[in-house]
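Remarks on the overall topology
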Amino acid sequence: MPVIDNSCIVIFGASGDLTHRMLIPALYHLYIDQKLPTSFAILGVSRSVYNDQTFRNKLITNMKSDKNIDNDLLNKFCEHLFYQAIDTSDVNDYKLLKERLALINADLQLNNNTLFYLATPPNLYSVIPQHLAAVGLNKETDGWKRLVVEKPFGCDLESAISLDSSLYRHFNEQQIYRIDHYLGKETVQNMLVLRFANSIFEPLWNSKYIDYIEVTGAEALGVEQRGGYYDGSGAMRDMLQNHLLQVIAMVAMEPPAVINAKSMRDEVVKVLQCLKPLSQSDLENNLVLGQYIQSHVRGKCLPAYREEKGVPHNSRTETYVGLKLFINNWRWDGVPFYLRTGKRLPTRVTEVVIHFKKTPHPVFSAAAPENKLIIRIQPDEGILLGFGLKQPGSGFETKEVAMDFHYSELQETELLTAYERLLLDLMKGDATLFARSDAVRACWDFVQPILDYKKQSFPLYGYASGTWGPIEAEKLLNQDKHQWRSPCKNLTDTDYCEL
Ligand code: BG6
């Protein structure tokens, strides 16, 4: 197992939401689980005027809203936190940063190992690396230097290519880590173990036995305070281009020879490059875009997307996408993959459902039961296998039953959150769960026709909050004689859905 070197994590965008909601809590949990190196520092960087103490105080106040926090440990953790105010867009300020890093490195003996985490608005993704390079902070002559880029990595194919080339001027691919937090989820990684560590699934994992696959990434919340960002992004860029396509890659990739960054990412990119390009007819018939409208859910009036803060009243940004796609290779020939993601759907759930083909010859009079494997990514993380049994009594009636496993049953293990896992890997220099440049491009390549299509006048369907999206999304499956599963909060519940 790679060791974790003493190092400094420099977080650009230290006063922002991602730092406070995700990064600092994840680092705190790693600290109390004693997973961080013996000596480490976290240096917050942004324009806001704080010093070490006021930065620490702000974080302490945020973290204290969590009732399980241990105050003594939190104070000890905060001793590792530092702050440097700079104007990140001004190259002259980077000398200050370099001097501060040199002091911290000398005090804590961090060997100049530095992780630069870009938790800033995307317009700074090419500026910060350029300025770091101007003061030599990209050079690995004295300790490693890694650059972490949050999503969105570009906003279309062209901008992703151009971002890559601006990063490559100063950092090489081995130094660049593109985060897709879905890859940090235990249950997404478990798909690889489920498929490649068991001999019973893999022989069936192909077009001969699989009828179709559903991938759902549903959220009950609306856009909350992020209307301004979201309106320029939409569900396509926010969820489908990255998170859902990465999940598809885990479901559909070939087994890597070994689990390491190269083998894994080689297989991921191969399958993403096999996504069948969307034709004009696919865009017209296999794509459904929707936007939530004002509705009453359990007696509460929820605003329309167009009434959300930061969203223009005439916005045509989609908050729902349903898409049928195919993978052009031997394994998946002709198997439809149905993807859907949306805000303000009935519940928060991410899952993959593998629907197996029916038996070739109907021996029993009743309709053959459905064989399906549900891989629940969140919540109630687990696996459920549905199959048919004999209904007790005379005759041969069949009944659908299920075998299920829930991660919560593994009481002795607490799942690391996605950011905890990814931050640990970053410090170890393990790139296996980070998106490689060619994979990001393959995803943009696939969605680019959709982005182009959206520039034309395309149909955008309204849907009521608390429903599974526009009716047209049902038709997408019904036309193939299939139906979306209605997932509930609990993996095993099938006949009602808790809102
Ligand atoms: C983010 C999107 O990348 O993923 C958000 O920007 C979305 O809009 C979030 O809510 C979903 O992540 P998770 O881990 O809650 O499924």
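In the block above lies the structure referred to throughout.
Notes on the structure in this doc start here.

Conventions adopted
- Residues numbered from 1 in each chain as written.
- Predicted model: local features only at pLDDT ≥ 70, side-chain atom pairs only at ≥ 80, totals over all residues.
- Heavy atoms only, no water.
- Phe/Tyr/Trp six-rings, centres within 6.5 Å; stacked < 30°, edge-to-face > 60°.
- Helix = DSSP H or I, 4+ residues; strand = E, 2+ residues; numbered from the N terminus.
- Buried < 20%, exposed > 50% of the residue type's maximum accessible area, 1.4 Å probe, protein only.
- Lys NZ or Arg CZ within 6 Å of the ring centre and 35° of its normal.
- Pairing = 2+ DSSP bridges.
- Contact = heavy atoms within 4.5 Å.
- Expected span 1.5 Å × (residues − 1).
- Arc of directions from axis to C-beta.
- Axes fitted to C-alpha atoms, helices over the stretch in contact; angles between N-to-C directions.

1. What to know about the packing of aromatic side chains
Both the distance between ring centres and the angle between the ring planes are used here to describe each pair of aromatic rings. For the structure shown, the criterion picks out 19 aromatic pairs. Summarising the aromatic geometry, the rings of F12 and Y94 are spaced 6.4 Å apart at their centres and angled 25° between planes, so their arrangement reads as stacked. Of this pair, F12 sits in strand β1 (residues 7-12) while Y94 sits in helix α4 (residues 94-108); the two residues are 82 residues apart in sequence, bridging distant segments of the chain. Of the residues examined, Y94 reaches a relative accessible area of 0% and is grouped as buried. Summarising the aromatic geometry, the rings of Y338 and W484 are spaced 6.2 Å apart at their centres and angled 75° between planes, so their arrangement reads as edge-to-face. Separated by 146 residues along the polypeptide, Y338 in strand β12 (residues 337-342) and W484 in the segment after α14 (471-478) bring together distant segments of the chain. Residue class for W484 comes out buried when judged on its relative accessible area of 7%. Taken together, the ring pairs connect Y230, Y292, Y305, Y320 and Y463 into an aromatic cluster. Positioned above the aromatic ring of W144, the side-chain terminus of R146 is 3.5 Å from the ring centre.

2. Here we look at the pairing of strand β15 (residues 382-390)
Bridge analysis of strand β14 (residues 372-378) against β15 gives five bridges, and the strand direction is antiparallel. Directly across from I375, in β15, lies its bridge partner I383. The antiparallel hairpin formed by β14 and β15 contains three residues in its connecting segment, where D380 sits at a positive phi of about 45°. Where β15 meets strand β16 (residues 398-406), nine bridges bridge the pair, whose relative direction is antiparallel. Within β16, the residue paired with G388 across the bridge is E400.

3. Comments concerning the side chain of T317
Position of T317 relative to the elements: it lies in the loop between β10 (300-302) and β11 (320-325). With residues near it in sequence (within four places) discarded, T317 still touches Y230, D231, G234, Q291, Y305 and L460.

4. Some remarks on α4
With 15 residues, α4 should reach 21 Å at 1.5 Å per residue; the first-to-last C-alpha distance of 21 Å fits that figure. Residues Y94, L97, R100, L101, I104 and N105 constitute the buried set of α4. The buried residues of α4 all sit within an arc of 135° when viewed along its axis, so they share a single face. Turned more than 90 degrees from where α4 packs its buried face, E99, L103, A106 and D107 sit exposed. Where the residues of α4 are buried, they touch β1, β2 (40-46), α2 (52-63), β3 (81-85), β4 (114-118) and α5 (127-134). Count one or two residues on from α4 and you reach Q109, which has phi positive near 50°.

5. Brief notes about the sheet that holds strand β6 (residues 176-178)
Spatially, the six strands line up as an open sheet ordered β3-β2-β1-β4-β5-β6, and their pairing is parallel. Looking along the sheet, the strands with just one partner apiece sit at the ends: β3 and β6. Here the strands of the sheet are splayed against their neighbours by 20° on average, with no regard to which way each runs.

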